[in-house]
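Listed here are the chains, written in short residue letters.
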Amino acid sequence: MLVMALGLSYKTAPLALLERMVFQPQSLPTALAALRQYCSHGVILSTCNRVEVYALVGHHDSGRRALLRFLQDYHHLAAADIEPYSYVLTQADAVGHLFRVAAGLDSMMLGETQIIGQVRAAYATAQEHGAPGAVLARLFRQALEVGKRAHRETRICHSAVSLSAAAVELARLQLGDLRRHTALVVGAGETSRLA
């Protein structure tokens, strides 16, 4: 069996496509059940900047096709909509990628701390619904430890660690005391709430 990560991120896909492919937290149990029709064990990590499926597959090519088909079928998209923007990593590359993600090294804002909570939530949901299996469970537990250690033992998370925090800091540098100014935040998501 191979550990495979197939995904799309802010680095590879347009925002409009990522928005169409998000798995809402309340839909993850249904998505994990659907994923089991394509692979025996899996975890779905879905954030505003990435959609990744971590799975155990029997073979690289058939595993890649199965995970792509899952994303296509679940989101009612054509292969041509997804495949040009997707990446596939296996074994050590998939493991290293998950460790970088959990540590905030693959985030839009280097060192952002929200991602470790999102990795934890993805794993917990998969665990609750019997989806990860022993290998992926161990991998995700280790990734969470790597993320915590990176944040605890380095200075990676000591600067602005989210886009909203960076935007507020930039506004403060440009405008001075923000309490004297009025701002309009357009958006309804988590980033807008944080800003």
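Attention in this report is confined to the structure presented alongside it. The structure presented is a predicted model; accordingly, all values stated were derived computationally and were not measured. (Residues numbered from 1 in each chain as written. Predicted model: local features only at pLDDT ≥ 70, side-chain atom pairs only at ≥ 80, totals over all residues. Heavy atoms only, no water.)

1. Remarks on the packing of aromatic side chains
Note the cut-off: Any Phe, Tyr or Trp ring, taking Trp's six-membered ring, that has another such ring centre within 6.5 Å forms a pair; planes under 30 degrees apart are called stacked, those over 60 apart edge-to-face, and the others tilted. Strands are runs of DSSP state E lasting at least two residues, helices are runs of H or I lasting at least four, and both sets are numbered from the N terminus onward. The buried label goes to any residue with under 20% of its type's maximum accessible area, the exposed label to any with over 50%, and the partly exposed label to all in between, with areas taken from a 1.4 Å probe on protein chains only.
Enumeration over the complete set of coordinates arrives at six aromatic pairs. Plain terms: the ring middles of Tyr-54 and Phe-140 are 5.4 Å apart, the flat faces sit at 90 degrees to each other, and that makes the pair edge-to-face. With Tyr-54 in strand 3 (residues 50–57) and Phe-140 in helix 7 (residues 133–153), the pair connects residues that are 86 residues apart, well separated along the chain. Like Phe-140, Tyr-54 is buried. Put simply, the rings of Phe-23, Tyr-38, Phe-70 and Tyr-74 pair up and form one aromatic cluster.

2. Looking at the environment of Pro-29
Put simply, the test is: Residue contacts are defined here by distance: any two heavy atoms, one from each residue, within 4.5 Å place the two residues in contact.
With respect to the helices, strands and loops of the structure, Pro-29 is situated in helix 2 (residues 28–35). Owing to a relative accessible area of 27%, Pro-29 belongs among the partly exposed residues under this scheme. For the pair Pro-29 and Ala-131, spaced 102 residues apart in sequence, the C-alpha to C-alpha distance is 9.4 Å. In contact with Pro-29, not counting residues within four places along its chain, are Thr-125 and His-129.

3. Here we look at the nonpolar core
Note the threshold: What makes a nonpolar core is a set of buried Ala, Val, Leu, Ile, Met, Phe, Trp, Tyr and Cys residues whose side-chain atoms join them at distances within 4.5 Å.
Residues Ile-44, Phe-70, Leu-71 and Val-119 are the most contacted members of the largest nonpolar core, which totals 48 residues. Residues in contact with Val-119, not counting those within four places in the same chain, are Leu-45, Leu-98, Val-101, Ala-102, Phe-140 and Leu-144.

4. Observations concerning helix 3 (residues 60–75)
Here is the rule: Any helix carries an expected span of 1.5 Å times its number of residues minus one.
For helix 3, which comprises 16 residues, the first-to-last C-alpha distance of 23 Å matches the rise-based estimate of 22 Å (1.5 Å per residue) to within 8%. Residues of helix 3 that are buried: Gly-63, Ala-66, Leu-67, Leu-68, Phe-70, Leu-71, Gln-72 and His-75. The inward-facing, buried residues of helix 3 contact strand 1 (2–9), helix 1 (15–21), helix 2, strand 2 (41–46), strand 3 and helix 4 (79–82).

5. Some words on the pattern of salt bridges
Between side chains of opposite charge, a pair can form when the charged atoms approach closely. For clarity, the cut-off: In what follows, salt bridge is the name for a side-chain nitrogen of Lys or Arg lying within 4 Å of a carboxyl oxygen of Asp or Glu.
In total, this model carries seven salt bridges according to the counting rule given. Here Arg-69 ties to Asp-73 by a salt bridge, and the two come within 3.7 Å at their closest N and O atoms. Linking Arg-69 with Asp-73, this pair stays in helix 3, spanning four residues, or about one helical turn. Since its relative accessible area comes to 33%, Asp-73 is described here as partly exposed. The salt bridge involving Arg-149 is made with Glu-153; its shortest N-O contact spans 3.0 Å. Of this pair, Arg-149 and Glu-153 are both found in helix 7, four residues apart, which corresponds to roughly one turn of the helix. Shared partners join several salt bridges into a network, and the residues in it are Arg-149, Arg-152 and Glu-153.

6. Description of the sheet that holds strand 4 (residues 87–90)
Where we set the bar: Strand pairing requires that DSSP identify at least two bridges connecting the strands. Axis lines are fitted through C-alpha atoms, for helices just across the contact stretch, and the angle between N-to-C directions can take any value from 0 to 180 degrees.
What the four strands build is an open sheet, ordered 2-3-1-4; its pairing is antiparallel. Because the sheet does not close on itself, it has two edges, and the strands there are strand 2 and strand 4. Put simply, the sheet's adjacent strands are angled 15 degrees from each other on average, direction ignored. Two strands pair when backbone bridges link them, and strand 2 and strand 3 are joined in this way by six bridges, in the antiparallel orientation.

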